[in-house]
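Single-letter residue listing:
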Amino acid sequence: MPDPLLVEAEPYDYGFDLASTALILIDMQRDFVEPGGFGETLGNDVGMLRRVIPPLQEVLAAARAAGMLVIHTREGHKPDLSDCPPAKLNRGAPSMRIGDPGPKGRILIRGEYGHDLIDELKPIDGETVIDKPGKGSFYNTGLQDLLTAKGITSLIVTGVTTEVCVHTTVREANDRGYECLVLSDCVGSYFEEFQQYGLQMISAQGGIFGWVASSKQFLEALS
Ligand code: TIU
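The residue numbering used here restarts from 1 in each chain and proceeds along that chain's sequence as written. Since the coordinates come from a predicted model, pLDDT governs what is reported: local features require at least 70, and pairs of side-chain atoms require 80 or more to be given and counted, while whole-chain, interface and lining totals use all residues. Each side-chain value is derived from all of the structure's non-hydrogen atoms; neither hydrogens nor water enter the calculation.

Peer 1: Is there a simple way to think about the site of the ligand in this case?
Peer 2: Contacts to the ligand come from Asp 27, Phe 32, Phe 38, Leu 42, Glu 75, Lys 135, Val 160, Thr 161, Val 164, Cys 165 and Tyr 190. Any pair of N or O atoms that falls within 3.5 Å is considered a polar contact. Within protein, one atom must be able to donate a hydrogen and the other to accept it, and sequence-neighbouring residues count only if both atoms are side-chain atoms. Contacts to the ligand include Cys 165, whose backbone N or O atom sits 3.1 Å from an oxygen atom. Across the shell around the ligand, the residue classes break down as seven nonpolar, one polar and three charged. We call a residue near a molecule or strand whenever a single non-hydrogen atom of that residue lies within 4 Å of it. Note on residue categories: nonpolar means Ala, Val, Leu, Ile, Met, Phe, Trp, Tyr, Cys or Pro, charged means Asp, Glu, Lys or Arg, and polar means any other residue, Gly included.

Now the structure itself:
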């Protein structure tokens, strides 16, 4: 067994090895980071999320070059909405609801242009895309079986949004025994304060949910 790679992180160094670690990109979909999608219908400024794209492109390239397993997720629903709980459909007062026709197709519906991953971070051959109906990446998906089959025990977590799908996924992963490192500049929130507190909530209390480091700190460990 080779020595683990070490990332300078909060609350202390994060050790991992390439064979048992996957990079996960959570919901880097047009519906969240481009105008006219789900994020905007909820009243958010999608520009807030676009800052994660350049550092995440670098991390993705480095992970691919290092031969790490790469997994992408997409939040969305079947065209007949049979996998969308009424509570999710009816909550709040969005300008458009899930399934309504928007400028990029039906909001948050699988197969629509807006539901797909952004061009800047498209999967390549061999990378798995997990379609999930919820905020967490484990609920009602094949993610856990995939990780078990590939011998993955650690996750480098990126994507959007920090306090919603990233947090839910990290919490689900932590309860299942995975060691999660969240890359602070590769996760984004529509709210500046949620970004800060969301990250602190992960690494506080001795790493109650996992570790936090910058993309630079992660890339240094890989190089
Ligand atoms: N609204 C919000 O911040 N996020 C979501 O609805 N989904 C994800 O975080 N992907």
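Picking up where we left off.
Peer 1: Would you mind going over the sheet that holds strand E10 (residues 211–213) with me for this structure?
Peer 2: Paired strands, in this sense, are two strands between which DSSP finds at least two bridges. Put simply, DSSP H or I for four residues or longer makes a helix, DSSP E for two residues or longer makes a strand, and each gets a number counted from the N terminus. On the basis of which strands lie adjacent, the open sheet formed by six strands has the order E7-E4-E3-E8-E9-E10 and parallel pairing. The open sheet has two edge strands, strand E7 (128–132) and E10, and neither has a second partner. Adjacent strand axes in the sheet meet at a mean angle of 25 degrees, parallel and antiparallel pairs treated alike. Across six bridges, strand E3 (residues 21–26) lies against strand E8 (residues 154–160) in parallel orientation. Bridge assignment links Ile 24 to a residue of E8, and that residue is Val 157. Against the sheet, helix H6 (residues 143–150) makes contact with E3, strand E4 (69–75), E7 and E8, and its axis sits at roughly 180 degrees relative to E4, the strand it touches most. Axes here mean lines fitted to C-alpha atoms, for a helix over just the part in contact, with angles spanning 0 to 180 degrees between N-to-C directions. Note on contacts: a residue pair is in contact if any heavy atoms of the two residues lie within 4.5 Å.

Peer 1: Hey, could you run me through the packing of helix H7 (residues 162–175) against helix H8 (residues 192–207) in this one?
Peer 2: Any two packed helices are characterised by how steeply their axes cross, that is the angle between the axes, and by the distance between the axes. Where H7 meets H8, the closest approach of the two axes is 10 Å, and the angle between their N-to-C directions is 10 degrees. When the axis of H7 is compared with that of H8, the two are roughly parallel. Contacts from Thr 162, Glu 163, His 167 and Arg 171 in H7 reach Phe 194, Gln 195, Gly 198, Leu 199, Met 201 and Ile 202 in H8. Looking at the contact of H7 with H8 residue by residue, the classes come out as four nonpolar, four polar and two charged. Angles are sorted into four bins: roughly parallel if under 35 degrees, roughly antiparallel if over 145, roughly perpendicular if 65 to 115, and oblique for all others.

Peer 1: Hey, could you run me through the packing of helix H4 (residues 53–65) against helix H9 (residues 215–222) in this one?
Peer 2: At a minimum axis separation of 10 Å, H4 and H9 run at an interaxial angle of 15 degrees. For the element pair H4 / H9, the angle class is roughly parallel. For the element pair H4 and H9, the recorded crossing hand is left-handed. Listed contacts from H9 to Pro 55, Glu 58, Val 59, Ala 62 and Ala 63 of H4 are Ser 215, Phe 218, Leu 219 and Leu 222. Its residues assigned to classes, the contact of H4 with H9 shows seven nonpolar, one polar and one charged. Crossings are classed by handedness, with left-handed meaning an anticlockwise turn of the near helix from the far one by less than a right angle and right-handed meaning a clockwise turn.

Peer 1: Honestly, the pairing of E3 in this entry has me stumped. Any pointers?
Peer 2: The buried fraction of E3 is high, at six of six residues. Along E3, one buried face is formed by Thr 21, Leu 23 and Leu 25 and the opposite face, lined by Ala 22, Ile 24 and Ile 26, is buried too. Exposed residues in this analysis have more than 50% of their type's maximum accessible area, buried residues have under 20%, and partly exposed residues fall in between, with area computed by a 1.4 Å probe over protein chains only.

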